[in-house]
Amino acid sequence: MSEAPSIKPRNIPAWIIMILLVVLWSIPTIGLLITSFRPVDDQVSTGWWTALFNPFGSGWTIENYRDVLSGGGGGGMANSFLNSIVVAVPATILPLMFAAFAAYAFTFMRFPGRDVLFIVIVAVMVVPIQVAFVPMLDLLGPNNLNINGQYLAVWILHTGFGMPLAIYTLRNYMATLPNSVIESAKIDGATHFQTFWQLIVPMSVPAIAAFGILQFIWVWNDLLIALLFLGSGENSTVIVTLQGLLGTQGQGFELLPAGAFVSIAVPMLVFFGLQRFFVRGLTAGAVKG
């Protein structure tokens, strides 16, 4: 049997610092979790830490979660939860698919203006997406395409806004792949389509998964695009509904902690499910050899 790894004395300060950072980083989440199970009277009268240090002397309830999911108290997040999935899944797959095609072309194909076009795509990343909202509202509105308020409008926007970073990330990763494999495929008579699907995509899974996690979380947590182009009606997403829990006069604030935990359930599952790909994708290309 192999022995358990021991902590060397010189690593003790690093472990202490790491544990402190984890604790400090977790304090807001712990406070949010405790608050989500407290009645509104306890929330306004005492801090969450009083319930943490005196759990049996504090009141606890699941009514906040019940109201959020069922629609009581202005919630109704169960339907919005499904809307967010319908929005986030295509808005993650589409930019990844198109960006992977483009990254392959920028890496392994030769065509006029390739470098200039890539620089333009990279430069687009510094432009705030907010500057495009007014023209996009006009383009997708009733006077033109008339798809504002539909899922298609949000899919198009997230695909367009997410592609520059996806192309940049995947192109840099593909540039680290062994060129000999691509040359061997050419010698064997493989087309670009075959090379892409049979060689490049399998070797690029870490980078694709890493960006897919970031894109999914970004789309899931988006408020502006969902609010402007889907609205707060029957197609509203989780984040829009969560923002709507807080009424114009501040009523419904006691539901926000519970709603926040409902909204982070899927992103947490996605992150932990693809965590190994995420780490490999972030560290890929850092060391060559």
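Residues numbered from 1 in each chain as written. Predicted model: local features only at pLDDT ≥ 70, side-chain atom pairs only at ≥ 80, totals over all residues. Heavy atoms only, no water.

**Remarks on the overall build of the chain**
So, step 1. The secondary structure content of the chain amounts to 16 helices and 0 strands.
So, step 2. Of all 289 residues assigned to the chain, the portion counted as buried reaches 36%.
So, step 3. Relative to all contacts within the chain whose residues are 6 or more apart in sequence, the contacts with residues 24 or more apart total 70%.
So, step 4. Carbon and sulfur atoms provide 69% of the accessible area of the chain, an area that totals close to 16,800 Å². (Helix = DSSP H or I, 4+ residues; strand = E, 2+ residues; numbered from the N terminus. Buried < 20%, exposed > 50% of the residue type's maximum accessible area, 1.4 Å probe, protein only. Contact = heavy atoms within 4.5 Å. Areas by Shrake-Rupley, 256 points an atom, 1.4 Å probe, with all protein chains shown as cover.)

**Quick look at the pattern of salt bridges**
So, step 1. One pass over the full model with this rule turns up 2 salt bridges.
So, step 2. Its salt-bridge partner being R66, residue E63 comes within 2.9 Å of it at the nearest N-O pair. Here E63 and its partner R66 are both found in helix α4 (residues 63–70), 3 residues apart, which amounts to about one turn of the helix.
So, step 3. Accessibility expressed as a relative area gives 36% for E63, which makes it partly exposed.
So, step 4. Accessibility expressed as a relative area gives 46% for R66, which makes it partly exposed. (Salt bridge = Lys/Arg side-chain N within 4 Å of Asp/Glu carboxyl O.)

**A few points about the confidence of the model for the chain**
So, step 1. Mean pLDDT for the chain: 84, with 89% of residues reaching 70 or above.
So, step 2. By mean pLDDT, the top-scoring element of the chain is helix α8 (residues 151–174) (92), and the lowest-scoring one is helix α16 (residues 275–283) (64).
So, step 3. Note that pLDDT drops below 50 for residues 285–289; the model gives that stretch 2 contacts with residues more than four away or on any other chain. (pLDDT = per-residue confidence, 0-100.)

**Topic: the side chain of T195**
So, step 1. Its place among the elements puts T195 in helix α10 (residues 192–203).
So, step 2. When near neighbours in sequence (up to four residues on either side) are disregarded, T195 contacts Y104, I182, A185, A190 and I200.

**Concerning the packing of aromatic side chains**
So, step 1. One pass over the structure, following the stated rule, counts 17 aromatic pairs.
So, step 2. Where F37 meets Y65, the ring centres are 4.9 Å apart and the plane angle is 40 degrees; that geometry is what we call tilted. In this pair, F37 is assigned in the loop between α1 (12–36) and α2 (40–45) and Y65 in helix α4, connecting sequence segments 28 residues apart.
So, step 3. On the accessibility criterion, Y65 (16% relative accessible area) is buried.
So, step 4. With 6.5 Å between their ring centres and 65 degrees between their planes, F133 and F161 make a pair best called edge-to-face. (Phe/Tyr/Trp six-rings, centres within 6.5 Å; stacked < 30°, edge-to-face > 60°.)

**As for unusual backbone geometry**
So, step 1. The phi dihedral of N146 falls on the positive side, at around 55 degrees, and the residue is not glycine.
So, step 2. For N146, the location among the structural elements is in the loop between α7 (133–140) and α8.

**As for the environment of S236**
So, step 1. Relative to the helices and strands, S236 is located in the loop between α12 (224–229) and α13 (238–245).
So, step 2. For S236 and V87, which are 149 residues apart along the polypeptide, the C-alpha to C-alpha distance reads 9.9 Å.
So, step 3. Setting aside residues no more than four positions away along its own chain, S236 makes contact with S80, N83, G231 and T241.
So, step 4. A polar atom in the side chain of S236 sits 3.3 Å from the side chain of T241. (Polar contact = N/O pair within 3.5 Å; in protein donor to acceptor, adjacent residues only side chain to side chain.)

**Topic: the packing of α4 against helix α14 (residues 256–263)**
What describes two packed helices is the angle between their axes and the distance between those same axes.
So, step 1. Interhelical geometry of α4 versus α14 gives an angle of 65 degrees and a closest axis separation of 8 Å. Handedness of the crossing formed by α4 with α14: right-handed. Facing N64, Y65, V68 and L69 of α4, the residues of α14 in contact are A258, G259, F261 and V262.
So, step 2. Its residues assigned to classes, the contact of α4 with α14 comprises 6 nonpolar, 2 polar and no charged. (Axes fitted to C-alpha atoms, helices over the stretch in contact; angles between N-to-C directions. Left-handed = near helix turned anticlockwise from the far one by under 90°. Nonpolar A, V, L, I, M, F, W, Y, C, P; charged D, E, K, R; others polar.)

**Thoughts on the nonpolar core**
So, step 1. Counting residues in each nonpolar core, the largest one holds 30 residues, and the members touching the most others are V68, M77, L140, W220 and F229.
So, step 2. At the level of secondary structure, the elements contributing two or more residues to this core comprise α4, α5 (77–108), α7, α8, α11 (205–220), α12, α13 and α14.
So, step 3. Sort the elements by how many residues they give to this core and α5 lands first, with 5 residues. (Core = buried A, V, L, I, M, F, W, Y, C linked by side-chain atoms within 4.5 Å.)

**With respect to the packing of α8 against α11**
So, step 1. Relative orientation of the contacting elements α8 and α11 amounts to 155 degrees, with a least axis distance of 10 Å. The pairing of α8 with α11 is recorded here as roughly antiparallel in orientation. For the pair α8 and α11, the crossing hand works out as right-handed. Judged by residue contacts, H158, F161, G162, L165, A166, T169, L170 and Y173 of α8 engage P206, A207, I208, F211, Q215, W218 and V219 from α11.
So, step 2. When grouped by side-chain class, the residues that make up the contact of α8 with α11 number 11 nonpolar, 4 polar and no charged. (Parallel < 35°, antiparallel > 145°, perpendicular 65-115°, else oblique.)

**Considering the side chain of N64**
So, step 1. Considering the arrangement of structural elements, one finds N64 in helix α4.
So, step 2. Taking relative accessible area as the criterion, N64 reaches 5% and is therefore assigned buried.
So, step 3. Only 3.1 Å separates the side chain of N64 from the backbone oxygen of R38, close enough to count as a polar contact.
So, step 4. For N64, the contacting residues outside a window of four places in its chain are T35, S36, R38, Q43, E254, L255 and A258.

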